[in-house]
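Structural features, examined
The lines below spell out each chain.
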Amino acid sequence: MSSLRLASQSLRANKALLNKSYNATRAYSSYEKTLKQRFAELIPEKAEQVKQIKKEYGKTVIGELTLEQAYGGMRGIKGLVWEGSVLDPEEGIRFRGRTIPEIQSELPKAEGGSEPIPEALFWLLLTGEVPTASQTKALSAEFAARAELPKHVEELIDRSPSNLHPMAQFSIAVTALESESQFAKAYAAGVNKKDYWNYTFEDSIDLLAKLPNIAARIYQNVFKDGKVPAINKDLDYGAQLATLLGYGNNPEFVELMRLYLTIHSDHEGGNVSAHTTHLVGSALSSPFLSFSAGLNGLAGPLHGRANQEVLEWLFKFKHDVKGDYSKETIEKYLWDTLNSGRVVPGYGHAVLRKTDPRYTAQREFALKHLPNDDLFKLVSTIYEVAPGVLTKHGKTKNPWPNVDSHSGVLLQYYGLTEASFYTVLFGVSRAFGVLPQLIIDRAVGMPIERPKSFSTEKYLELVKGLQNK
């Protein structure tokens with residue numbers, strides 16, 4: 001096939017994809033740009049910025065590596081570019097420069113709602129701009145229009161044994177969506193690399209659109225009667241997810257889903273799920289394969305599954321203290337936990353050195369909607385006692401609670417009691433953070449990730465040589 005013919009095919013395909021995006025949203029806006037159109041406008045400036053930064057500052061040393069960091073999981077090494085968010089040890093997360101309270105205030109909300117619509121956060125993370133209410137509504141409509149699953153993916157989920165962990169089923173289903181990858185098809189046809197972002201965008205929108213349907217199908221199969229409600233094309237993303245799970249008739253749970261999806265979405269690029277998605281994507285694997293890899297990392301107990309472990313620990317705690325939530329009893333239980341060689345689940349963080357603002361956002365939601373809930377009262381009292389105990393213990397760099405110490409309590413209150421499913425919800429949310437970066441990576445031509453490794457013997461040779469200088 002000639003290069004001219006390939007270029008012609010690529011041009012026609014790009015026009016078709018842009019028209020598809022426009023047609024899906026034009027009913028809501030006859031004058032505002034779609035997300036894809038706006039991002040396409042931003043690419044030249046962003047690509048030029050990256051080019052100039054590399055040219056002017058490419059040789060600038062931005063950090064030092066210690067041997068301890070190399071053996072400590074590369075902790076704190078500056079080596080990734082992540083546009084959507086930055087995590088400050090003292091302040092916490094900022095999404096495109098905005099704190100969680102600012103996100104809650106500035107992003108569009110559903111009619112009658114008070115929490116941000118996650119689609120608006122996706123727009124912000126991709127472009128750095130806050131969308132209008134009508135642009136957000138149009139993006140909601142586009143997600144709903146693409147939400148149906150291929151038959152083979154439905155059958156794959158339905159055939160999965162109920163004792164297969166929901167996260168394993170989730171990863172399998174996302175991998176199976178590779179059959180729908182427009183990026184993989186375009187790459188096989190020889191598309192110009194300048195157009196990679198276009199197909200990555202389409203795959204990312206398709207994937208995000210289908211995640212609530214996948215998650216709900218797993219939930220209904222494993223824990224309920226296997227019947228998944230129909231997609232409602234008029235709902236925003238959070239309301240759609242709540243409805244498919246069977247909780248759409250509870251406005252508070254719908255609001256919780258909007259908050260949950262927003263605050264769990266992104267936590268800069270170095271965490272396991274974000275880094276893994278970025279790493280696999282750097283090999284030009286499609287967004288489906290890249291995100292599936294990220295989900296497998298999220299499933300680990302040191303990452304996304306921690307929220308499940310927190311809840312299990314809380315229930316054991318509650319059983320053991322037999323309703324005695326006095327500070328003295330809680331302090332003794334915490335010391336017993338630590339002295340037995342275990343950790344206090346939900347406390348500490350690899351980067352944060354203050355209370356996680358995601359915890360605070362959930363606590364404020366609980367104070368508003370469920371202030372008298374028994375489990376919430378227990379979590380609140382632990383919050384008063386645990387930091388002091390952990391500080392005295394001296395082995396925890398951050399004695400403050402993280403996001404995992406609260407999310408399960410909220411879900412339990414509204415009846416979603418199946419803790420093994422919680423990480424799936426985390427996975428749906430995390431897609432909102434990692435997929436914008438994949439699109440940006442392809443738009444600015446980020447290369448394959450390939451750090452240098454050494455053996456222990458080589459490291460010894462290296463550090464001894466440095467010490468002898």
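The structure we're discussing is the one just above.
So, a few notes on the structure that sits alongside this text. What you are looking at is a predicted structure, and each value in this text was computed from that prediction instead of being measured.

1. A look at the overall build of the protein chain
Secondary structure summary: the protein chain contains 21 helices and two strands in total. In terms of overall dimensions, the protein chain has C-alpha extents of about 75 × 70 × 45 Å along its principal axes. The buried share of the protein chain, reckoned over its 469 residues, is 51%. Of the contacts formed within the protein chain by residues at least 6 apart in sequence, a portion of 75% connects residues at least 24 apart. Mean positive and mean negative side-chain charge positions of the protein chain (55 and 53 charges, respectively) differ by 5 Å.

2. Topic: the packing of helix α8 (residues 166-176) against helix α20 (residues 422-444)
At their nearest, the axes of α8 and α20 sit 8 Å apart, and the two run at 35° to each other. Remark: the crossing between α8 and α20 carries right-handed chirality. Between α8 and α20, the contacting residues are Pro-166, Met-167 and Phe-170 on the first element and Thr-423, Val-424, Gly-427 and Val-428 on the second. Of the residues assigned to the contact of α8 with α20, the class counts are five nonpolar, two polar and no charged.

3. Thoughts on the environment of Thr-175
Structurally, Thr-175 is set in helix α8. A residue is classified by how much of its surface remains accessible, and Thr-175, at 33% relative accessible area, is partly exposed. Expressed as a C-alpha distance, the spacing of Thr-175 and Lys-332, which sit 157 residues apart in the sequence, is 46 Å. A polar contact of 3.0 Å, which involves the side chain of Thr-175, links it to the backbone oxygen of Ser-171.

4. Quick word on the packing of helix α5 (residues 118-127) against α20
Their axes nearest at 9 Å, the elements α5 and α20 cross at an angle of 30°. Between α5 and α20, the crossing angle belongs to the class labelled roughly parallel. Every pair of crossing elements has a handedness; the one defined by α5 and α20 is right-handed. Of α20, the residues touching α5 (which contributes Pro-118, Glu-119, Phe-122, Leu-125 and Leu-126) are Phe-432, Gly-433, Leu-435, Pro-436, Ile-439 and Ile-440. Grouping the constituent residues of the contact of α5 with α20 by class yields nine nonpolar, one polar and one charged.

5. Things to note about the packing of aromatic side chains
Tallied over the full model, the rule gives 21 aromatic pairs. Aromatic side chains Tyr-219 and Tyr-247 sit 6.4 Å apart centroid to centroid with 50° between the ring planes, which places their arrangement in the tilted category. Residue Tyr-219 is located in helix α10 (residues 196-223), and its partner Tyr-247 is located in the loop between α11 (237-245) and α12 (251-263); the two are separated by 28 residues in the primary sequence. On the basis of relative accessibility, which here comes to 0%, the residue Tyr-219 falls in the buried class. Note on Tyr-247: relative accessible area 12%, which makes it buried. Aromatic pair Trp-313 and Phe-317: ring centres 5.1 Å apart, planes at 80°, arrangement edge-to-face. A residue pair is termed a helical-turn pair when its members lie 3 or 4 positions apart in one helix, as Trp-313 and Phe-317 do in helix α15 (residues 306-321) at four residues. Phe-317 shares its class with Trp-313; the two are buried. Ring-pair connections join several aromatic residues into one group, and the members of that group are Tyr-219, Phe-223, Tyr-247, Phe-253, Tyr-413, Tyr-414 and Phe-421.

What counts, and at which threshold
- Residues numbered from 1 in each chain as written.
- Predicted model: local features only at pLDDT ≥ 70, side-chain atom pairs only at ≥ 80, totals over all residues.
- Heavy atoms only, no water.
- Helix = DSSP H or I, 4+ residues; strand = E, 2+ residues; numbered from the N terminus.
- Buried < 20%, exposed > 50% of the residue type's maximum accessible area, 1.4 Å probe, protein only.
- Contact = heavy atoms within 4.5 Å.
- Lys, Arg positive; Asp, Glu negative; His and termini not counted.
- Charge placed at Lys NZ, Arg CZ, Asp CG, Glu CD.
- Axes fitted to C-alpha atoms, helices over the stretch in contact; angles between N-to-C directions.
- Left-handed = near helix turned anticlockwise from the far one by under 90°.
- Nonpolar A, V, L, I, M, F, W, Y, C, P; charged D, E, K, R; others polar.
- Polar contact = N/O pair within 3.5 Å; in protein donor to acceptor, adjacent residues only side chain to side chain.
- Parallel < 35°, antiparallel > 145°, perpendicular 65-115°, else oblique.
- Phe/Tyr/Trp six-rings, centres within 6.5 Å; stacked < 30°, edge-to-face > 60°.

These results come straight from atomic positions and should not be treated as a statement about function.
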